[in-house]
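Structural features, examined
Each chain, written out:
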Amino acid sequence: MLFAYVTAHLANHALGLVSVNVAEAGLRVAVAFWHSLPGTVLLYGAAGIHLALALVAVYERRTLRMPAPEALRIALGFGIPLLLIGHFTSTRFAFELYGLRSDYARIVWALWTSDGEGRQLALLAPGWLHGCLGLNFAFGRRLLYQRMRPLLFGAALLLPVLAALGFLAMGRELAVLGANRAWLEAHVSLMNADQQIRLGHIRDGLLATYFGAIGLVLAARELRSLLERHGKALITISYPQRAVQVPRGWTVLEVSRHFGIPHRAMCGGRARCSTCRVRVVDGASRCPPPGPDERRTLDRVRASPDVRLACQLRPDMDIAVVPLFSA
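Let me sum up the structure you'll find in this document. (Residues numbered from 1 in each chain as written. Predicted model: local features only at pLDDT ≥ 70, side-chain atom pairs only at ≥ 80, totals over all residues. Heavy atoms only, no water.)

In this section: helix α2 (residues 20-34). Between its first and last C-alpha atoms α2 spans 20 Å; for 15 residues at 1.5 Å apiece the expected length is 21 Å, and the two agree. Buried within α2 are the following residues: V20, A23, E24, L27 and W34. Here the buried residues of α2 occupy an arc of 95° about the axis, which is enough to place them on one side. Projecting away from the buried face of α2 at angles above 90 degrees are the exposed residues N21, R28, V29 and A32. Looking at the buried residues of α2, the elements they touch are α1 (2-14), α3 (37-60), α4 (68-98), α5 (104-113) and α7 (143-177). (Helix = DSSP H or I, 4+ residues; strand = E, 2+ residues; numbered from the N terminus. Expected span 1.5 Å × (residues − 1). Buried < 20%, exposed > 50% of the residue type's maximum accessible area, 1.4 Å probe, protein only. Arc of directions from axis to C-beta. Contact = heavy atoms within 4.5 Å.)

Side chains that are nonpolar tend, in soluble globular proteins, to be buried together. Grouped together as the largest cluster of nonpolar side chains are 24 residues, with contacts concentrated most on I237, Y239, V252, V255, I319 and V321. If you list the elements that add at least two residues to this core, you get β1 (234-238), β2 (243-247), α10 (252-258), β3 (277-282), β4 (307-309) and β5 (319-323). Looking at this core element by element, the count peaks at three residues for α10. (Core = buried A, V, L, I, M, F, W, Y, C linked by side-chain atoms within 4.5 Å.)

In this section: α7. Here α7 spans 50 Å end to end across 35 residues, near enough to the 51 Å set by a 1.5 Å rise per residue. Approximately 60° is the largest bend angle found in α7, and it occurs at R149, with the proline P150 only one to four residues beyond. Y145, L159, P160, A163, A164, G166, F167, M170, G171 and L174 are the residues of α7 that are buried. (Bend = angle between axes of the 7 residues up to and from the residue.)

Take the side chain of T91 next. Residue placement: T91 occurs in helix α4. Polar side-chain contacts of T91 include one of 3.2 Å to the backbone oxygen of F88. Leaving out residues up to four positions away in the same chain, T91 has contacts with L100, S102, R106 and I107. (Polar contact = N/O pair within 3.5 Å; in protein donor to acceptor, adjacent residues only side chain to side chain.)

Below, the discussion takes up the environment of R257. Tracing the sequence through the fold places R257 in helix α10. In this structure R257 touches R61, R65, M66, P67, E70 and A265, once residues within four positions along its chain are discounted.

A word on the packing of aromatic side chains. Considering all chains together, one arrives at six aromatic pairs under this definition. For the pair F33 and W34, a centre-to-centre distance of 4.8 Å together with 70° between the ring planes defines the contact as edge-to-face. Taken together, Y5, F33 and W34 form an aromatic cluster joined through their ring pairs. The lysine or arginine in question, R224, covers the ring of Y59, its NZ or CZ lying 4.5 Å from the ring centre. Between the NZ or CZ atom of R270 and the centre of the ring of F137, over which it lies, the distance is 5.5 Å. (Phe/Tyr/Trp six-rings, centres within 6.5 Å; stacked < 30°, edge-to-face > 60°. Lys NZ or Arg CZ within 6 Å of the ring centre and 35° of its normal.)

This is how it looks when you write it as structure tokens:
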């Protein structure tokens, strides 16, 4: 849902290459849907769920060591709200509180005259790249996705470029039109000082809430780590090259990454690609049973009973494993 919203938003920006009026016509259609009750529930519900799942995923990780593409995707994801909250307050909150329409004439003019176009263009990159990386992690092993990869890559590269060029074209067009004071007063609804101050306070409150949520998750991780180190017996996970000890609750893939043991994992630990699977050569009967996602993937690859997904297996007893794919 969020990726569909971003895609439509960028496509609408690209219409600015034709004219501001054409972009405004497309925007009116988009606003009619996203400002409706179903559109609002879908968009902000998806955003809230996505953020909540991201915070839960960070909490559940026992280690933050991960491959660079996965780290980049996560960093971009948590950076998006820093850019988006300000834009959100000046559009949706401005509309709900003061009836200021979220049209291109007002938004682009305000950004253009305040030298904020660079910030707006920067807003395009993290969200788009985060979404593209997420889709690649999710579907990269699917045959249809692999066949369409060149076409998808071309679209992923071209759409934000066209959107940025459309935004700049609208800025230049509005700069010319805005030189006429009568046109400006008739077409651009500007916020007064009191409205800007109130929206600024709302923006600061949302940012503080966001940073507070991240801080609570990180603090909870540290507290859990402390309790695990001092309150739980360690278990031993043996690899062909070495044996390591960790508290219960770690996945085998997290253990591999934390101790620098090469371990292949293409989907980022989501029980999708099966490339992280290991053969449990000792202790298979003592392992927790596979969950629904792991079982579905193991059945798909016709794995034997002693094969498990390292990203899902959280042993609570000593085991010995052998990764089945070279890293």
